[in-house]
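Residue strings, one per chain:
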Amino acid sequence: MRDDFVFHILNDQYAKLLELAERCPVDGRNKVPEGFNNSIHWHVGHVLVSTELHIFYLSGNMQAMKLPSEYMAYFGYGTKPSVWLNEPPAWETLIDQLKGQPAYLWEWLKDSLTQPVKDNFFGAETFGGLVVSTALHASYHVGNVSAMLKALK
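Now for a quick tour of the structure. (Residues numbered from 1 in each chain as written. Predicted model: local features only at pLDDT ≥ 70, side-chain atom pairs only at ≥ 80, totals over all residues. Heavy atoms only, no water.)

**Some words on helix H2 (residues 40–59)**
Counted only if it meets this: The numbering of helices and of strands both runs from the N terminus, where a helix is a DSSP run of H or I of at least 4 residues and a strand a run of E of at least 2. Under the convention used throughout, the expected extent of a helix is 1.5 Å for every residue step, that is, one less than its residue count. Residue burial is assigned from relative accessible area. The probe radius is 1.4 Å, only protein chains are included, and a residue is buried under 20% of its type maximum, exposed over 50%, and partly exposed in between.
Along its 20 residues, H2 runs 28 Å from first to last C-alpha, staying within 8% of the 28 Å computed at 1.5 Å per residue. Of all 20 residues that make up H2, 19 are buried, and the element is covered over most of its length. Downstream of H2 by one or two residues, glycine 60 has phi in the positive range, about 80°.

Listed below in structure tokens is the structure:
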């Protein structure tokens, strides 16, 4: 598989998520529709956090993580808006970070996609595998956000 194709998959999912986020009305960003556990604001932040966790933490390269550590309390696995103790990072900040994350990942990984990584729950053997697994995870959240936008109407 070509290295740029791995990032094409990730960029495609990020573009879809950003497009859906742009369609979300301001007053719907933090609503949790019936039948859902999280808000669209949470999904945007979770994709950011989980991408760093999937690629950097699972590969043992935590020094490359750029997001503030407090993001984990808002958007990490098992979190949800109903238990937030403070205001989460601003929507606009998250959107800007989401727009920039794929380029950062490309710069950091473009020459390393075939390098092996330690055992992980995805079963990915290389950085490229972690990127693809992360893109698949992002697509799950794209589907949730799409459904949530319909439920918010």
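Having seen it, we continue.
**Comments concerning the pattern of salt bridges**
Let me state the cut-off plainly: Salt bridges are defined as contacts in which a side-chain nitrogen from Lys or Arg sits within 4 Å of a carboxyl oxygen from Asp or Glu.
Applying the stated rule across the entire model yields four salt bridges. The residue glutamate 107 makes a salt bridge to lysine 110 at a minimum N-O spacing of 3.2 Å.

**Digging into the packing of aromatic side chains**
Any aromatic ring pair is given by two values, namely how distant the centres are and how the planes are angled relative to each other. Worth spelling out the cut-off: The criterion for an aromatic pair is that two Phe, Tyr or Trp rings (for Trp, the six-membered ring) have centres within 6.5 Å, with stacked assigned to planes under 30 degrees apart, edge-to-face to planes over 60 apart and tilted to the rest. Both a distance and an angle decide whether a charge sits over a ring: NZ of Lys or CZ of Arg must be within 6 Å of the ring centre and within 35 degrees of the ring normal.
One pass over the full model with this rule turns up nine aromatic pairs. Ring geometry for phenylalanine 121 against phenylalanine 122: centres 4.5 Å apart, planes inclined by 40°, an arrangement best described as tilted. One aromatic cluster in this structure is built from Phe56, Tyr104, Trp108 and Phe127. Its guanidinium or amino end placed over the ring of tyrosine 104, lysine 66 lies 4.5 Å from that ring's centre, counting from NZ or CZ. A cation over an aromatic ring shows up here: lysine 118 above the ring of tyrosine 57, its NZ or CZ 5.7 Å from the ring centre.

**Notes on the side chain of threonine 79**
Selection rule: Definition of a polar contact: a pair of N or O atoms within 3.5 Å, with one able to donate and the other able to accept a hydrogen when the atoms are protein atoms, and with sequence-neighbouring residues admitted only if both atoms are side-chain atoms.
If you trace the backbone, threonine 79 turns up in the loop between helix H3 (71–75) and helix H4 (91–109). Residue class for threonine 79 comes out buried when judged on its relative accessible area of 15%. A polar contact of 2.6 Å, which involves the side chain of threonine 79, links it to the backbone oxygen of glycine 76.

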